[in-house]
Amino acid sequence: MRRIAPLLPLLASLSACVDIPQVQAPQRRTVQQSTAVFTPRPDERQCLANLGATRANFTPLPDQYFGAGCSTLNTVRLASLQGDNAALALSNLGPVTCPLASTFAGWARFGVDRAARQVLGSPLVRIETMGSYNCRNVAGTERRSAHATASAIDVSGFVLADGRRITVLGNWSQGTPQERQFLTLIHASACKRFGTVLGPAYNAAHRDHLHVELGGGAFCR
Ligand SMILES: [Zn+2]
């Protein structure tokens, strides 16, 4: 009360000469809408349970339609994944569909963390990305990208416990033999888990990241 009191004369003088706009009551969502948005289907619940079993740290997100073929349905926000011995941090990652997150969690631990130990002698602590959801077409086409439905992740780099940072842009062709071997190895293991993997060998647009998505059959470049 004591803090507010000096303001009262000021407020009184303001209200005398200024029209204070009416505050609109927030629009209420119907219960039906919110139930439809937030209740996962049984297969979605199973996916969330499987993702939880990997000890990933995540938050399920409400379904959203953005029009023009863009949506985030059955997605999660991943805070961290679990490696063999410690949590794996993630940079710059937006919403990801649950099945993609689940596959990504397996690749991060068994494909990347273990390759980092075996080839580079240090565990993985962070995966850097260039994002996941993006309402756009495949470059140079009229076709919607898997990013338009949060069904793809662009992976750009890896930080190890000893402080080393291995990036697709900097180390794919110019790294030490071990760094290049590491990147070749994780690219190959990604191809075993994801339906589509595109890296620097595919085209110049992928010189700085690996694009991974579940769909597309077995397309590995
Ligand atoms: Zn991509």
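As shown above, the structure is provided for reference.
What comes next is a walk through the structure. Because the structure is predicted, anything quoted here is derived from the model rather than measured. (Residues numbered from 1 in each chain as written. Predicted model: local features only at pLDDT ≥ 70, side-chain atom pairs only at ≥ 80, totals over all residues. Heavy atoms only, no water.)

**Observations concerning the coordination of the zinc ion**
Expected angles at a metal are 109.5 degrees for tetrahedral coordination by four donors and either 90 or 180 degrees for octahedral coordination by six donors.
Next, step 1: Donor atoms from the polypeptide that coordinate the zinc ion comprise His147 (NE2), Asp154 (OD) and His211 (ND1), at 2.0 Å from the metal.
Next, step 2: Each donor residue of the zinc ion belongs to the same chain, and together they define the spacing H-x6-D-x56-H. For the pair His147 and Asp154, one class covers both residues: buried. (Donors = N, O, S within 2.8 Å, 3.2 Å for Na, K, Ca; no water. Buried < 20%, exposed > 50% of the residue type's maximum accessible area, 1.4 Å probe, protein only.)

**Quick word on the pattern of salt bridges**
Next, step 1: The full count for this structure, using the stated rule, is seven salt bridges.
Next, step 2: As a salt-bridge pair, Asp43 and Arg41 come within 3.0 Å of each other at their nearest N and O atoms.
Next, step 3: The partly exposed category is assigned to Arg41, whose relative accessible area is 48%.
Next, step 4: Between Asp84 and Arg109 there is a salt bridge; the shortest N-O distance is 2.8 Å. A residue pair is termed long-range when its members are at least 10 positions apart, and Asp84 in the loop between strand E4 (75-82) and strand E5 (87-91) and Arg109 in helix H4 (residues 98-120) qualify at 25 residues.
Next, step 5: Residues participating in the shared-partner salt-bridge network are Arg41, Asp43 and Glu44. (Salt bridge = Lys/Arg side-chain N within 4 Å of Asp/Glu carboxyl O. Helix = DSSP H or I, 4+ residues; strand = E, 2+ residues; numbered from the N terminus.)

**Re the side chain of Ser156**
Next, step 1: Summarising the element assignment, Ser156 is placed in strand E8 (residues 152-160).
Next, step 2: Using a relative accessible area of 13% as the deciding quantity, one classes Ser156 as buried.
Next, step 3: Ignoring any residue separated from it by four or fewer positions in sequence, one finds Ser156 in contact with Glu128, Thr129, Met130, Ile166, Thr167, Val168, Asp208 and His209. (Contact = heavy atoms within 4.5 Å.)

**Description of the packing of aromatic side chains**
Next, step 1: Tallying each qualifying case throughout the model produces six aromatic pairs.
Next, step 2: Note on Phe104 and Trp107: the rings are 5.7 Å apart at their centroids and 50° apart in plane angle, and the pair reads as tilted. Pair noted here: Phe104 and Trp107 are both in helix H4, with a separation of three residues, about one helical turn.
Next, step 3: Phe104 gets classed as buried once you look at its relative accessible area, which sits at 0%.
Next, step 4: Taking the centre distance of 5.9 Å and the plane angle of 80° together, the rings of Trp107 and Phe194 count as edge-to-face. Taken together, the positions of Trp107 in helix H4 and Phe194 in the loop between helix H6 (177-193) and strand E10 (196-198) put the pair 87 residues apart, joining distant regions of the chain.
Next, step 5: Residue Trp107 is classed as buried on the basis of its relative accessible area, which comes to 0%. (Phe/Tyr/Trp six-rings, centres within 6.5 Å; stacked < 30°, edge-to-face > 60°.)

**A few points about the state of the cysteines**
Next, step 1: Counted under the stated rule, the structure contains three disulfides.
Next, step 2: Between Cys47 and Cys98 runs a disulfide, and the two sulfur atoms are separated by 2.2 Å. Every disulfide takes its handedness from the sign of the S-S torsion; for Cys47 and Cys98 that torsion is -105°, giving left-handed. Within this pair, whereas Cys47 is found in helix H3 (residues 42-53), its partner Cys98 is found in helix H4, the two being separated by 51 residues in sequence.
Next, step 3: A relative accessible area of 9% means that Cys47 is categorised as buried.
Next, step 4: On the accessibility criterion, Cys98 (0% relative accessible area) is buried.
Next, step 5: Linked covalently through their sulfurs, Cys70 and Cys135 form a disulfide whose S-S length is 2.0 Å. Around the S-S axis, the bridge from Cys70 to Cys135 shows a dihedral of about 80° and counts as right-handed. (Disulfide = S-S within 2.5 Å.)

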